[in-house]
Amino acid sequence: MTAVTDQGRDRGQGPEHGRPDGAAEEAAGGVEGAEGTEGAAGRRWDDGLIARRAADALKEGAERERPPDDDVRPQVEAYGLQGGSLRPRLDALRELVGLSRARLDGDTLAEAGRVLDEASARQRLSSRHTVVAIAGATGSGKSTLFNALACSQISETGLRRPTTSAPIACSWTDGAAGLLDRLAVPGRLRRRPVQGNTDVDEALQGLVLVDLPDHDSAATGHREQVDRVLALVDAVIWVVDPEKYADAALHERYLRPLAGHAEVTFVVLNQIDRLPGEAADLVLDDLRRLLDEDGMAVGEHGEPGATVMSLSALTGDGVADLRELLGRFVQDRTAAAARLSADVAAAAARLRPVYVAEGRPGLGERTREEFADRLAEAVGAAAAGQAAEREWRRNAGRACGTPWLRLWRWYESTRQLGGLDLMAQALAPPEEELTARQRVEQAVRTLADDAVVGLPAPWAQAVREAAVSGAKGLPEALDELARNAQAGAGSAGRGRAAGGGHKGAADPGATAPGSRGAGARGTQGMQGTPGGPAGSRAQSSGLLGSGSLGSGASVRGVAPAAGALGGRTVRLPRPAWWPAAVLAQASMTLLQIFGGLWLLGQIVGVLEPGLVVPALLMLAGVVGGPLVEWSCAAAARGPARRYGQEAERRLREAASGCGRARVLDPVAAELARYREVRERYVAVTEFSTTGR
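Residues numbered from 1 in each chain as written. Predicted model: local features only at pLDDT ≥ 70, side-chain atom pairs only at ≥ 80, totals over all residues. Heavy atoms only, no water.

## Side note on the pairing of strand 7 (residues 265-269)
Within strand 7, 5 of the 5 residues are buried, leaving the element largely enclosed by the surrounding structure. Side-chain alternation along strand 7 places T265, V267 and L269 on one buried face and F266 and V268 on a second face that is also buried. With 5 bridges connecting them, strand 6 (residues 235-240) and strand 7 associate as parallel partners. For V236, the partnering residue across the bridge sits in strand 7 and is T265. One crossover worth recording links strand 6 to the parallel strand 7 by way of helix 11 (residues 248-255), and it is right-handed. Remark: the strand 7/helix 12 (residues 279-293)/strand 8 (residues 307-310) crossover connection has right-handed handedness. (Buried < 20%, exposed > 50% of the residue type's maximum accessible area, 1.4 Å probe, protein only. Helix = DSSP H or I, 4+ residues; strand = E, 2+ residues; numbered from the N terminus. Pairing = 2+ DSSP bridges. Right-handed = clockwise from strand over helix to strand, strands pointing away.)

What follows is the structure, encoded as structure tokens:
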């Protein structure tokens, strides 16, 4: 039998395009000589009666064998998988690649991008054709099997090696031109089989069989063609012989990497006519064992997997069984979808190390609290609270203490002004500033380390970069909080020195600007200091800038008020018993003065002598004044402690809010991005993990 060429059929080329099932080619081939001789005389070949009868017979035979219109028209409709599981997986893979481009390098995503491109190209081509490649080693008999399946001598066979130098295609139906163009099979190497009217031939309608060069050919170009075509076909028939079925090149280079493509793989043991007795069954069992070691599932007892069988292409033994299997395989119309699904699963398996984390990475509540504690320690929140408590108790002592004791304290403070203590306070901040800068950096590093536990390396790096980027402005913002606290406390102190009264705590909203690192609006005592972190960074040098952020640096020398974070002049709160205590202390002072004046009047002779009453009055004032002061000090401990805790809480919340806006939120955004990408990855791998 001779092969029928299909060159130009699918592309609509040639004058005989449109004649069904090779009628035009057969007609042209059968009368080639007549056309040449008659053409010389300027006459048509069908001028004679016999020629016209032959043409009519060909036309009637073509009409009888013409398949339905929907079978012969070019099949270029999109791949109909909208309702299947492949379409969602491809969409999820496309979204996965899009979300990961900013985090992963191009080489990591190259295979996934290739799979998407090939899937898109395959879906635009015929969905009624199944492209099956025949691959094998040198001398395995794949070309002989190709000819046996096509029932025609299409591919050249012989002892010369390599025999097949380029892919040769055989299409059972029209409409496969686009698929063959995708495989880069030239028109001169496209053939049509000789078909009968059997059920097997009918089942093979839609099959596109491609004979490949040897995968172990000495010519490098042959191996490159094999690798290129294998990446594009819907299924592959691996032809092995009794001598090379265990070849390491076949198993390590092809079968093992393509183990996930078992459902679109046929492994055929050829040349069984050379094996005596039961040797063919023994070799076939050993072949199944090798496939199992490669990780390729073997389809047995109705289970999905690779089809493994034995035959002899030379004698025809088993070829009919393979044709029948191929017929059912082609009629299922699922080979292309199964191949694309396997490609997606393989691409997802390669991406697993960069998407699958160990454990459940994220920012837990404990991690957030520890980060807030470290920032509060760096900004000196505890020291500020203690200073606020002392200031409240000192203010209570001023209001409820004896005037004589207050005069003595004033004298002591003025006598020590300008001493060594002030110099020590001026020299202390640089060392504390360095310590606070290190604490902030350590807090950010610790947070990043806790957040990336178990994350894949690319996403861990992205989280660390987000944390470091936010930390660049964090020390300046915390320094702004400390300066605002100092400014507010200084304004409050100057207000007390000027005789201003104090009442009520500051508005908690005063901390809002500082909590976002935006500085303070209406700040007093901060001339020339910008109100935001940008201005603070512009005037600063180093990580912390020119401020005095440090452990306790914000409260040394001056005591901040509870609401001084916004830089406002605040007045300390007063308990309900405070006016009564002040009145009692004033009464004790008046008793001392009245008793003293009474005694003085008796001494100078203005008043009548009588020492008992004035002495008792004076003694009551002297004893009652310290007693009232001690009672007020004892009663002020609780309110002072609550006031200090409130001051610490406000500064802690402000520092925590600043850290949350600059570090925690960017880190949380990166983790949320990873979780979204992980969900897309799960959607990609869902089909392969649950099975078909």
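## Quick word on the pattern of salt bridges
Enumeration according to the criterion identifies 28 salt bridges in this entry. The salt bridge partner of R339 is D343, with a shortest N-O separation of 3.0 Å. A residue pair is termed a helical-turn pair when its members lie 3 or 4 positions apart in one helix, as R339 and D343 do in helix 14 (residues 335-355) at 4 residues. The same class applies to R339 and to D343, which are both buried. Across the salt bridge formed by E646 and R650, the nearest N and O atoms sit 3.2 Å from each other. With E646 and R650 both in helix 24 (residues 612-690) and 4 residues apart, the pair spans about one turn of that helix. (Salt bridge = Lys/Arg side-chain N within 4 Å of Asp/Glu carboxyl O.)

## Regarding the packing of aromatic side chains
Under the definition given, this model contains 6 aromatic pairs. Aromatic pair F594 and W598: ring centres 5.7 Å apart, planes at 65°, arrangement edge-to-face. Of the two residues, F594 and W598 both sit in helix 23 (residues 578-604), 4 residues apart, roughly one turn of that helix. Assessed through its relative accessible area of 47%, F594 is described here as partly exposed. Here the aromatic cluster, defined as three or more aromatic residues joined through ring pairs, consists of Y355, W459, Y674 and Y681. (Phe/Tyr/Trp six-rings, centres within 6.5 Å; stacked < 30°, edge-to-face > 60°.)

## A look at the nonpolar core
Counting 70 residues, the largest nonpolar core has L145, L183, L230, I237 and L322 as its most contacted members. Excluding anything up to four places from it in sequence, L322 contacts L145, L149, F266, V268, M309 and L311. (Core = buried A, V, L, I, M, F, W, Y, C linked by side-chain atoms within 4.5 Å. Contact = heavy atoms within 4.5 Å.)

## Focus: unusual backbone geometry
Positive phi is not limited to glycine here, since A184 has a value of about 60°. Here A184 is to be found in the loop between helix 8 (177-182) and strand 4 (190-192). Despite not being glycine, R333 has its phi angle at roughly 55°, a positive value. Topologically, R333 is positioned in the loop between helix 13 (319-331) and helix 14.

## Structural notes on the environment of W578
Looking at the element boundaries, W578 is found in helix 23. Given the relative accessible area of 5%, W578 is considered buried. For the pair W578 and A396, spaced 182 residues apart in sequence, the C-alpha separation works out to 8.2 Å.

## A short note on the pairing of strand 8
Consecutive residues of a regular strand have side chains that alternate between opposite faces of the sheet. Where strand 7 lies against strand 8, 4 bridges are found, and the strand directions are parallel. What sits directly across from L269, in strand 8, is S310.

## Thoughts on the confidence of the model for the chain
For the chain, per-residue confidence averages 73 on the pLDDT scale, and residues scoring 70 or more make up 69% of the total. Here residues 62-83 scores under 50 on pLDDT; set against residues more than four positions off or in separate chains, the count is 36 contacts. Low pLDDT (under 50) marks residues 492-569, which in the prediction has 188 contacts with non-local residues, meaning those over four places away or in another chain. (pLDDT = per-residue confidence, 0-100.)

## Let's talk about helix 6 (residues 106-123)
For helix 6, with 18 residues, the first-to-last C-alpha span of 25 Å sits near the 26 Å given by 1.5 Å per residue. Where helix 6 bends most, the angle comes to about 30°, and this point is A112. Among the residues making up helix 6, those that are buried are L109, A112, G113, V115, L116, A119, A121, R122 and Q123. N-capping of helix 6 is provided by D105, with a side-chain oxygen placed 3.2 Å from the backbone N of D107. (Expected span 1.5 Å × (residues − 1). Bend = angle between axes of the 7 residues up to and from the residue. Polar contact = N/O pair within 3.5 Å; in protein donor to acceptor, adjacent residues only side chain to side chain.)

## Concerning a positive patch on the surface
Side chains of R393, R637, R641 and R642 sit close together on the surface and give a patch of like positive charge. By residue number, the principal contributor to the positive patch is helix 24, which donates 3 residues. Classification of R393 as partly exposed rests on a relative accessible area of 39%. (Patch = residues over 30% accessible without salt bridge, like charges linked within 9 Å, V, L, I, M, F, W, Y side chains within 5 Å. Areas by Shrake-Rupley, 256 points an atom, 1.4 Å probe, with all protein chains shown as cover. Lys, Arg positive; Asp, Glu negative; His and termini not counted. Charge placed at Lys NZ, Arg CZ, Asp CG, Glu CD.)

## Some words on a nonpolar patch on the surface
On the surface, W404, L407, L590, I593, L597, L600, I603, V604, V606 and L607 cluster together into a nonpolar patch covering about 1,100 Å² of accessible area. No other element matches helix 23, which puts 6 residues into the nonpolar patch. Position of L600 among the secondary structure elements: in helix 23.

## Some remarks on the packing of helix 5 (residues 86-100) against helix 6
With their axes 10 Å apart at the nearest point, helix 5 and helix 6 run at an angle of 140° to one another. Relative to helix 6, the element helix 5 is oriented oblique. As for the relative orientation of helix 5 and helix 6, their crossing is left-handed in sense. Residues L86, R87, L90, L93, R94, V97 and S100 of helix 5 lie in contact with helix 6, whose contacting residues are L109, A112, V115, L116, A119 and Q123. (Axes fitted to C-alpha atoms, helices over the stretch in contact; angles between N-to-C directions. Parallel < 35°, antiparallel > 145°, perpendicular 65-115°, else oblique. Left-handed = near helix turned anticlockwise from the far one by under 90°.)

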